[in-house]
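# Reading the structure
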Amino acid sequence: MLRSSHALAALLAIAFPSAATAASPQSFKGEYTVSFLGLSIAKSTFSSRYENGAYAIEGSVTAAGLAKLFDDTRGTVSSKGTIAGKKMVPQAFRADYTSGKKASVVDIRFANGTVTSTQVVPTPGKRDPKSWVPISAGDLASVLDPMAATVIHADSLDQVCGRTVKFYDGEMRANLTLAYASKGTISVPGYKGDTVTCRMGFEPVAGYRKGRKALNYLKNRSRMMVTFAPLGQTGVYAPIHATVGTQIGTLTISAGRFEAVQ
């Protein structure tokens, strides 16, 4: 159950609006639907606030539609930190999930962008050293949490893609690569305007079991596309639509609302 919670957090991370470099307080709101093969399986709502070089984000995720018949997962996610130039510097990340009567927690603390502690409940089982890729101290320096990992600071839409982002979800360290795919426009409640779509690559670094089929598929075969839109005039770009190819079909994350709240 722990690994499935991590996977859900990582996939939903691409739908989290995040920090803005703003002198005056600014707030943003996002509502998203996660669907699989055209059927709604989860819904999420997030609110965030940015003031005096700091950010705080809170969100909720619940199973929806047919998924509730098989896995009534629900949870809350929070992230906070500071903004240095065009870089987010996380301080704390926490995810609390329940699935039926089973509960899981991921709590990560940072100092200057480096992980200082990780608490995972339930505690992961013993790892086979022959197949497990361990995490070193160097792997946990200059990393982002799952909520911050896919929010981009850039001078324009043209500069959103063409970068690598390092993230840590409490167990696995991985890199996300963004390569330019196309430009377009979109209209959803709260936003109507230009977008840029990046092809996203996934590269596990440490904290995973060798030969795991799902990870190998994401790394070598999955087609992952993320469409970004600007959060107001902040210079921050957040995902507004994404598709993730899995071994059994395509997962789609779509914004039902994407707006700056003044």
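Residues numbered from 1 in each chain as written. Predicted model: local features only at pLDDT ≥ 70, side-chain atom pairs only at ≥ 80, totals over all residues. Heavy atoms only, no water.

### Regarding the confidence of the model for the protein chain
- A residue-level look at the protein chain finds 87% of positions with pLDDT of 70 or above and a mean pLDDT of 85.
- Across residues 1-23, where pLDDT falls below 50, the model places 79 contacts with residues more than four positions away in sequence or in other chains. (pLDDT = per-residue confidence, 0-100. Contact = heavy atoms within 4.5 Å.)

### Let's talk about the packing of aromatic side chains
- Enumeration according to the criterion identifies one aromatic pair in this entry.
- For the ring pair Tyr-191 and Phe-258, a centre distance of 6.0 Å and an interplane angle of 70° mean the geometry is edge-to-face. With Tyr-191 in strand β12 (residues 191-206) and Phe-258 in strand β16 (residues 249-261), this residue pair connects regions lying 67 residues apart in the sequence. Accessibility classification places Tyr-191 together with Phe-258 in one group, the buried group.
- For the cation-ring pair, Arg-127 lies above Trp-132, with the distance from its terminal atom to the ring centre recorded as 4.0 Å. (Phe/Tyr/Trp six-rings, centres within 6.5 Å; stacked < 30°, edge-to-face > 60°. Helix = DSSP H or I, 4+ residues; strand = E, 2+ residues; numbered from the N terminus. Buried < 20%, exposed > 50% of the residue type's maximum accessible area, 1.4 Å probe, protein only. Lys NZ or Arg CZ within 6 Å of the ring centre and 35° of its normal.)

### Observations regarding the nonpolar core
- Phe-93, Val-160, Phe-202, Phe-228 and Phe-258 are the most contacted members of the largest nonpolar core, which has 64 residues in total.
- Non-local contacts of Val-160, meaning those with residues more than four positions away in its chain, are made with Ile-152, Ala-154, Leu-178, Val-196, Cys-198, Phe-228 and Tyr-237. (Core = buried A, V, L, I, M, F, W, Y, C linked by side-chain atoms within 4.5 Å.)

### Some remarks on the pairing of strand β4 (residues 73-84)
- The sheet contact formed by strand β3 (residues 54-63) and β4 spans nine bridges and is antiparallel. Residue pairing in the sheet places Tyr-55 in a bridge with Gly-81 of β4. (Pairing = 2+ DSSP bridges.)

### Here's the deal with the state of the cysteines
- Across all of its chains, the model carries one disulfide by this definition.
- There is a disulfide in this structure between Cys-161 and Cys-198, and the S-S distance comes to 1.9 Å. Judged by the sign of its S-S torsion, about -85°, the bond between Cys-161 and Cys-198 is left-handed. A residue pair is termed long-range when its members are at least 10 positions apart, and Cys-161 in the loop between β9 (152-153) and β10 (163-168) and Cys-198 in strand β12 qualify at 37 residues. (Disulfide = S-S within 2.5 Å.)

### Here we look at the side chain of Thr-195
- Inspection of the secondary structure puts Thr-195 in strand β12.
- For Thr-195, the residues in contact, after removing those within four places along its chain, are Leu-157, Lys-183, Gly-184, Thr-185, Ile-186, Thr-227, Phe-228, Ala-229 and Ile-240.

### Examining the environment of Ile-108
- The topology assignment puts Ile-108 in strand β6 (residues 102-111).
- Taking C-alpha positions, Ile-108 is 9.6 Å from Pro-90, a pair spaced 18 residues apart along the chain.

### Focus on the pattern of salt bridges
- In this structure the tally under the stated criterion is seven salt bridges.
- Put simply, Arg-94 and Asp-107 hold a salt bridge, and the shortest N to O gap is 3.1 Å. Residue Arg-94 is found in strand β5 (residues 87-99), and its partner Asp-107 is found in strand β6; the two are separated by 13 residues along the sequence.
- With a closest N to O distance of 2.2 Å, Glu-171 and Arg-127 form a salt bridge. Within this pair, whereas Glu-171 is found in the loop between β10 and β11 (173-188), its partner Arg-127 is found in the loop between β7 (114-121) and β8 (132-133), the two being separated by 44 residues in sequence.
- Take Glu-171: its relative accessible area is 10%, and that puts it in the buried class.
- Taking the relative accessible area as the measure of exposure, Arg-127 reaches 31% and is therefore partly exposed. (Salt bridge = Lys/Arg side-chain N within 4 Å of Asp/Glu carboxyl O.)

### Details of unusual backbone geometry
- Residue Val-121 is joined to Pro-122 through a cis peptide bond whose omega torsion reads -5°.
- With phi around 55°, Asn-112 is a residue other than glycine that occupies positive phi space.
- With respect to the element layout, Asn-112 can be found in the loop between β6 and β7.

### Side note on the pairing of strand β1 (residues 26-36)
- For β1, the tally of buried residues reaches eight of 11 residues, placing the bulk of the element in the interior.
- In terms of strand pairing, β1 meets strand β2 (residues 39-51) through 11 bridges, oriented antiparallel. Each residue of the ladder has a partner; that of Phe-28, found in β2, is Ser-48.
- Remark: two residues form the turn of the hairpin made by β1 and β2, two consecutive strands paired antiparallel; Leu-37 in that turn has positive phi of roughly 55°.
- Two elements, β1 and β16, share 10 bridges in a ladder whose sense is antiparallel. Within the sheet, the bridge partner assigned to Ser-27 lies in β16 and is Val-261.

### Side note on the environment of Gly-184
- Structurally, the position occupied by Gly-184 is in strand β11.
- C-alpha of Gly-184 to C-alpha of Thr-197: the two residues are 13 residues apart in sequence and 7.8 Å apart in space.
- Not counting residues up to four positions away in its chain, the partners in contact with Gly-184 are Gly-193, Asp-194 and Thr-195.

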